[in-house]
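Chain by chain, the residues:
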Amino acid sequence: MGGGSSTDRRYMSGMLPEDYWEKVAWPENKEVLSILQLNKHQALKIFEAFVDIDSDNSGEMSVEEFHVYLGMTSTKFSERIFGILDADASGALNFSEFAVGVWNYCTYDVRLITKLAFDIFDIDQQGKLDLAECDALLRMVYDVPHLDNIEGPPSGKEIMELIDVNGDGEVTIDEFSDLMETHLYILQPALDLQRALRQRLLGVKFWDGLTELRRQLFAAEDSLASNSIESMKEILVIKQKERESRQHQEEEALSEEEQAHILEQKERARRKHAEKQYQKKRRVQKLNAQITEEEKAEKLALAEVRECRLMLEEPFTFDQLSERRQAREALYSAANKLKDASLAALNVRQANERKNSIEVDRSVDLFLQSKAGRNRLAFEVQLAYGREMAEWCERGNSLRAVFTPFFTPTEGGTASTATGLVKRFTRAKNLSAARQGAHSAILNEFMAEHKTKLSETHASERANQQTFTEALFVELVAVFFGPDTEWEKLWDPDSSAPYWYHIPSGRTEWLRPAICHNCDAFIDPMDARCFECDTDRTAANVELYTGLSAEALRLKHKGNEDEDSD
């Protein structure tokens, strides 16, 4: 299997990922995946990706894991797509939801992607949107607060002019679809999301072929569905009925005896499946019960950061300046709380892992069941028995002591020939002490290796935790400025546009200013760094830099050095 199924990784129920696929995932999802024209090998590739994403072996993926896997920043549109895939609205995707959802979105052609975006805002299903709804659609797809933030060409305003073809203030689904055929860039972020999914899973060429197959097999369902989100359910229901009808006809052709045998097998399979589902539910409940208080606090802190961030993204007018300052303080307070909670959860989790030796015992048992393990145990038993015999001879009379060298292990750490000969004629019960010693030797070796690996893993986790925390604060500063900044982004109702306000001086800027993360000073767009505190611009500020190119700056700096040396 792929990167998520290394030979030492255990997945759900403590099974190897490939075993879980063969015994659980494929049997449970075979029927649905076959309807979608995915064979076992292709479905396995999707399962491998799911296991890679599901790093905590919970059997589910979160919206954060989804975006990390795609290497994309979370946007309102991508989160909406995730919500559509999440059939049971649990906030996470199981494998079945992931596989069906990926197939659905990756086999959309331009017409269906257009209909998907259209349907999200066509709440009353009248087949048309007004300009305000189109404005909201574009802001969601491009993940911007205002159309003016869509960088051209074409600009947001130009796109809106294109959409309102006949100038009646409304656009129908037919008008929108026709426009998309020649102006794909209108929903480019939606197409980019689909391409990212296709590239990560089975490749663009594969999905192009399956998209064409969807047109041939499911054209009626796609056209008859009330909206594009319902088309997936329509396809599965209709094809399931067709399959059941074929099965019914086949069963009628069988004799009564054969039918009774088949029904018995089905009932047995049904009971077995129900038992598996029950056990799975019990395991999930047990796993949830094992979540520590620190991990619960970490989840609550993460939710608080998200909530505070959404609050600060809301438009605040000048009259709401104090509320925005409070929202900023709450955001950074929540971020610091998340930093502390994450570290506490990591400490507890690692402490529990250091105490838990179950995985080592399981690894030893699996090893001893293998041919290499049996050979190793036999070698260690013979070696331990040789030491036991040598000690017995040495403790005896002078005659027994003569035989001590014959049983003493060699300098190379192997049992002597005499030990092997005597062991061959020794009863099994007389070898129990040697067996116990051999098992302890192997267990100690595995334990030492486990501690080394665990130490390396924990060090890596701590480094990742530090990186996550630093990245979180860097991102917050890049988007909202620092926690103590005196600049605030406000909303002007008259012009329906944002502006940036400097509290002490009353200065306003209509374009997003570059603010130093270190001293909160205003950085002129033409300046290469903050000259107030002699600090380099952040990555976010570099994007706002409008001065010389990096190469020109280097040459200019070199020229200044040459002048100084003269």
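The model shown is predicted, which means the values in this text are computed figures rather than measured ones. Sequence order as written defines residue numbering, which begins from 1 separately in each chain. Where local features are concerned, this predicted model is filtered to residues with pLDDT of at least 70; where side-chain atom pairs are given and counted, the filter is 80 or more; whole-chain, interface and lining totals use all residues. Working from all heavy atoms in the structure, the side-chain values ignore hydrogens and water.

Strands are runs of DSSP state E lasting at least two residues, helices are runs of H or I lasting at least four, and both sets are numbered from the N terminus onward. Within the protein, the secondary structure is distributed over 23 helices and nine strands. Buried, partly exposed and exposed residues are distinguished by accessible area as a fraction of the type maximum, computed with a 1.4 Å probe on protein chains only: under 20%, between the cut-offs, and over 50%, respectively. The buried share of the protein, taken over its 566 residues, is 35%. By the convention used here, residues are in contact when the closest approach between their heavy atoms is within 4.5 Å. The long-range share in the protein, meaning contacts at least 24 apart out of those at least 6 apart in sequence, stands at 59%. Methods summary: accessible areas were calculated by the Shrake-Rupley approach with a probe of 1.4 Å, and residue burial reflects only the protein chains presented. Only carbon and sulfur atoms are counted for the fraction: they give 52% of the accessible area of the protein, which is about 33,100 Å².

Glancing now at the pattern of salt bridges. Salt bridges are counted wherever a side-chain nitrogen of Lys or Arg sits within 4 Å of a carboxyl oxygen of Asp or Glu. Under the definition given, this model contains 25 salt bridges. Salt-bridge contacts for Lys-45 lead to Glu-48; the nearest nitrogen and oxygen are separated by 3.9 Å. Taken together, the residues Lys-45 and Glu-48, both in helix α2 (residues 40–53) and three residues apart, mark about one turn of the helix. Judged by its relative accessible area of 12%, Glu-48 falls in the buried class. Asp-109 is the salt-bridge partner of Arg-215, the closest N and O atoms lying 3.2 Å from each other. One end of the pair, Arg-215, is in helix α11 (residues 204–224); the other, Asp-109, is in the loop between α5 (95–106) and α6 (110–121), and 106 residues separate them in sequence. The exposure class of Arg-215 is partly exposed, given its relative accessible area of 38%. It is possible to trace a salt-bridge network through shared partners that takes in Asp-109, Arg-111, Glu-212 and Arg-215.

Our focus in this paragraph is the packing of helix α15 (residues 321–355) against helix α21 (residues 432–480). An axis is simply a line fitted to the C-alpha atoms; with a helix, the fit covers only the stretch in contact. Between two such axes, the angle follows the N-to-C directions and lies from 0 to 180 degrees. Contact geometry for α15 and α21: axes closest at 11 Å, N-to-C directions at 175°. Taken together, the axes of α15 and α21 lie roughly antiparallel to each other. Its residues assigned to classes, the contact of α15 with α21 comprises 13 nonpolar, eight polar and seven charged. With respect to orientation, any angle under 35 degrees is reported as roughly parallel, any angle over 145 as roughly antiparallel, any angle of 65 to 115 as roughly perpendicular, and every other angle as oblique. Residue polarity is assigned by list, with Asp, Glu, Lys and Arg as charged and Ala, Val, Leu, Ile, Met, Phe, Trp, Tyr, Cys and Pro as nonpolar; anything else, Gly included, falls into the polar class.

Before going further, it helps to spend a moment on the sheet that holds strand β4 (residues 497–502). Any two strands with at least two DSSP bridges between them are considered paired. On the basis of which strands lie adjacent, the open sheet formed by three strands has the order β3-β4-β5 and antiparallel pairing. Here the strands that pair on one side only, and so sit at the sheet edges, are β3 (487–492) and β5 (508–509). Strand direction decides the pairing type here: β3 and β4, joined by six bridges, are antiparallel. Residue Glu-488 lies in a different strand from β4, and its bridge partner there is Tyr-501. Sitting on the sheet, α15 is in contact with β3 and β4, with an inclination near 130° to β3.

It is worth spelling out the confidence of the model for the protein at this point. The predictor attaches a confidence to each residue, called pLDDT, with possible values from 0 through 100. Taken over all residues, the pLDDT of the protein has a mean of 79, while the share at 70 or more is 83%. Taken together, the stretch residues 1–7 has pLDDT below 50 and engages in 15 contacts with residues farther than four places along the chain or on a different chain.

With that settled, the discussion passes to helix α10 (residues 188–200). Multiply 1.5 Å by the residue count of a helix minus one, and that product is the helix's expected span. Between the first and last C-alpha of α10 there are 18 Å, a value that for 13 residues agrees with the 18 Å anticipated at 1.5 Å per step. Every buried residue of α10 is accounted for by Ala-190, Leu-191, Leu-193, Gln-194, Ala-196, Leu-197 and Arg-198. A positive phi of about 75° marks Leu-202, the residue just after α10.

Any two of the Phe, Tyr and Trp rings considered here, Trp counted by its six-membered ring, make a pair once their centres fall within 6.5 Å; the pair's planes then place it as stacked at under 30 degrees, edge-to-face at over 60, or tilted in between. What the rule picks out here adds up to 14 aromatic pairs. Relative to Phe-95, the ring of Phe-47 has its centre 5.3 Å away and its plane inclined at 90°; by these criteria the two rings are edge-to-face. Remark: Phe-95 occurs in helix α5 and Phe-47 occurs in helix α2; sequence separation between them is 48 residues. When its relative accessible area of 1% is taken as the criterion, Phe-47 is described as buried. A centroid spacing of 5.9 Å and a plane angle of 40° characterise the contact between Phe-118 and Phe-176, whose relative ring orientation is tilted. Here Phe-176 lies in helix α9 (residues 173–182) and Phe-118 lies in helix α6, a separation of 58 residues in the sequence. Members of the aromatic cluster, joined through ring pairs, are Tyr-20, Trp-21, Trp-26, Phe-47, Phe-50, Phe-95 and Phe-98. Only Lys NZ and Arg CZ are tested; either one counts as a charge over a ring when it is within 6 Å of the ring centre and within 35 degrees of the ring normal. Directly above the ring of Tyr-69 sits Arg-200, whose terminal nitrogen or CZ lies 4.0 Å from the centroid. We note Arg-507 situated over the ring of Phe-522; from NZ or CZ to the ring centre the distance is 4.0 Å.

Here we take up the environment of Thr-546. Relative to the helices and strands, Thr-546 resides in the loop between α22 (539–542) and α23 (550–565). When the C-alpha positions of Thr-546 and Ala-528 are compared, they lie 8.9 Å apart, and in sequence the two are 18 residues distant. Leave out the neighbours within four places in its chain, and Thr-546 touches Pro-525 and Met-526.

Attention now moves to the UniProt feature "domain: WW" (unreviewed entry) in the protein. UniProt tags residues 487–515 as "domain: WW" (unreviewed entry). End C-alpha atoms of residues 487–515 are separated by 8 Å, and the span's content is 0% helix alongside 55% strand. UniProt positions are given in the numbering used here, feature names are shortened, and annotations may be inferred rather than shown by experiment.

Once that is clear, we can look at the packing of helix α17 (residues 371–395) against helix α20 (residues 417–424). One way to put it is that α17 packs onto α20 with a least axis distance of 9 Å and a crossing angle of 100°. Here α17 is positioned roughly perpendicular relative to α20, judged by the angle of their axes. Residues Val-381, Gln-382, Tyr-385 and Gly-386 of α17 form the contact with α20, whose participating residues are Thr-419, Gly-420, Val-422 and Lys-423.

What follows covers the pairing of β4. With six of six residues buried, β4 is to be regarded as a mostly interior element. By the alternation rule, side chains of β4 split into Ala-497, Tyr-499 and Tyr-501 and Pro-498, Trp-500 and His-502, which are all buried. As consecutive antiparallel partners, β3 and β4 are separated by four residues, and within that stretch Ser-496 has a phi angle of approximately 50°, a positive value. Here β4 pairs with β5 via two bridges, running antiparallel. Within β5, the position partnered with Tyr-501 by the bridge is Thr-508. In textbook terms, the turn of a hairpin is the stretch between consecutive antiparallel strands, and for β4 and β5 this stretch comprises five residues, one of which, Gly-506, has a positive phi near 75°.

The subject of this paragraph is helix α3 (residues 63–70). Burial within α3 is extensive, with six of its eight residues counted as buried. When we look at burial in α3, the residues that qualify are Val-63, Glu-65, Phe-66, His-67, Tyr-69 and Leu-70. In the core, the buried residues of α3 are packed alongside α2, α4 (76–85) and α10. Backbone geometry just downstream of α3 places Gly-71 in the positive-phi region, at approximately 70°.

Turning our attention to the state of the cysteines. For this text, the term disulfide refers to a pair of cysteine sulfurs within 2.5 Å. By the definition in use, this model includes zero disulfides. Cysteine Cys-516 remains unbridged, with the sulfur of Cys-533 as its closest cysteine sulfur at 3.6 Å.

Another aspect to go through is unusual backbone geometry. Where the residue is not glycine, phi is negative for most of them; where a peptide bond is considered, it is trans in most cases. The residue Leu-202 is not glycine, and still its phi comes out positive at about 75°. For Leu-202, the position within the fold is in the loop between α10 and α11. Under the relative-accessibility criterion, Leu-202 is labelled partly exposed at 30%. Of note, the phi angle at Asp-520 is positive, near 70°, even though the residue is not glycine. Taking the relative accessible area as the measure of exposure, Asp-520 reaches 17% and is therefore buried.

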